Amino acid sequence: ANAIYEEDADRVAELIRSRMETDGEYVMEYRIKKKTGGYLWVQDVGRRIVTEDGREAVISVLVDISEDVQNRIRLMEESSRDFLTEVYNRRGGEIQIAERMKIPMPYAFFMIDLDNFKKVNDLYSHEEGDRMLHFTGRILKQIFRQTDVVIRVGGDEFAVLAYPCKDMQAIRRKADEVIRMYGEEAEKKYPLSGTSVSIGGIYGSRPRSFLELYKMADQVLYRVKKKKGYCEIWEADQKNGM
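K.L.:
Explain the pattern of salt bridges to me, please; I cannot follow it from the model alone.
P.N.:
Side chains that differ in sign of charge can pair as their charged atoms come close. Scanning all chains against the criterion turns up 25 salt bridges. Salt-bridge contacts for Lys141 lead to Glu86; the nearest nitrogen and oxygen are separated by 3.8 Å. Residue Lys141 is located in helix α5 (residues 126-143), and its partner Glu86 is located in the loop between α2 (66-80) and α3 (90-100); the two are separated by 55 residues in the primary sequence. The shortest N-O distance in the salt bridge between Arg131 and Glu127 comes to 3.1 Å. With Arg131 and Glu127 both in helix α5 and four residues apart, this pair spans about one turn of that helix. Within the structure, one salt-bridge network assembled from shared partners comprises Glu7, Asp8, Arg11 and Arg31.

K.L.:
Before we go on, may I ask you to explain the packing of aromatic side chains in this structure?
P.N.:
Both the distance between ring centres and the angle between the ring planes are used here to describe each pair of aromatic rings. Counting across every chain of the model gives five aromatic pairs. Here Phe109 and Phe210 contribute two aromatic rings whose centre-to-centre distance is 6.2 Å and whose plane-to-plane angle is 85°, an arrangement assigned as edge-to-face. Here the residue Phe109 occupies a position in strand β4 (residues 107-115), and Phe210 occupies one in helix α7 (residues 210-225), the gap between them amounting to 101 residues. Relative to Phe144, the ring of Phe110 lies with its centre 6.2 Å away and its plane at 50°, an arrangement referred to as tilted. Taken as a pair, Phe110 in strand β4 and Phe144 in the loop between α5 and β5 (149-154) lie far apart in primary sequence, 34 residues in all. For the pair formed by Phe110 and Phe144, the shared burial category is buried. One aromatic cluster in this structure is built from Phe109, Phe210 and Tyr214.

Reading guide: rules and limits
- Within each chain, residues carry numbers counting from 1 in the order of the written sequence.
- Where local features are concerned, this predicted model is filtered to residues with pLDDT of at least 70; where side-chain atom pairs are given and counted, the filter is 80 or more; whole-chain, interface and lining totals use all residues.
- To obtain the side-chain values, all non-hydrogen atoms of the structure were used and water was disregarded.
- We define a salt bridge as a side-chain nitrogen of Lys or Arg found within 4 Å of a carboxyl oxygen belonging to Asp or Glu.
- Secondary structure is summarised from DSSP: a helix means a run of H or I of at least four residues, a strand means a run of E of at least two, and numbering begins at the N terminus for each.
- Centre distance within 6.5 Å is the pairing criterion for rings of Phe, Tyr and Trp, where only the six-membered ring of Trp is used; planes under 30 degrees apart are then read as stacked, over 60 as edge-to-face, and the remainder as tilted.
- Burial status follows relative accessibility: with a 1.4 Å probe on protein chains alone, a residue under 20% of its type maximum counts as buried, one over 50% as exposed, and anything between as partly exposed.

Put into structure tokens, the structure is as follows:
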């Protein structure tokens, strides 16, 4: 267990626990740390057995699949990335979210809208607008983790799935940092545009499709857009809530 790459540890533990309770066996892929640094991708095939003296145990076989995984990742990245912003396009984001939702874990999902962005294009040129979109993608990747999913949904609209997400205060600080960094860049380069960032998010643990997440977070964003330039997050799993 200590050899499992830290960002994969919770996912692996939860999947093994759930599969052992239901099927008594599992197959999964994850990263393990190398003594020399970095990590390997392995396929882990395990099953529950009973030893000759009556004790329960788990037999696990690990196979190095690093080369296969890297090839898969490269091909998937080429078809699932937004060329301008270098984050996932909508199709790529939907695939990534569907994979993560197979294992129930707490998460936060944000819809991110660039307020008055049309004025950046109109007043400063579409080339400058493209630069600001690229900047937005860059800060989103910088602020959120590699395991999170950053998506350009289309136009000036982005989305982020923070998964797993056990600290709502930390994730709110990240959202506020996005608003701050975007605002500082806009004020410095495009002061006449009045562009800012509005973020509407939900927090939950129940597995949902991208479309469900989108619709729920968009309700929150609609409320935020009336004032613009701040973040609001709603609890998604409350009985009388969303």
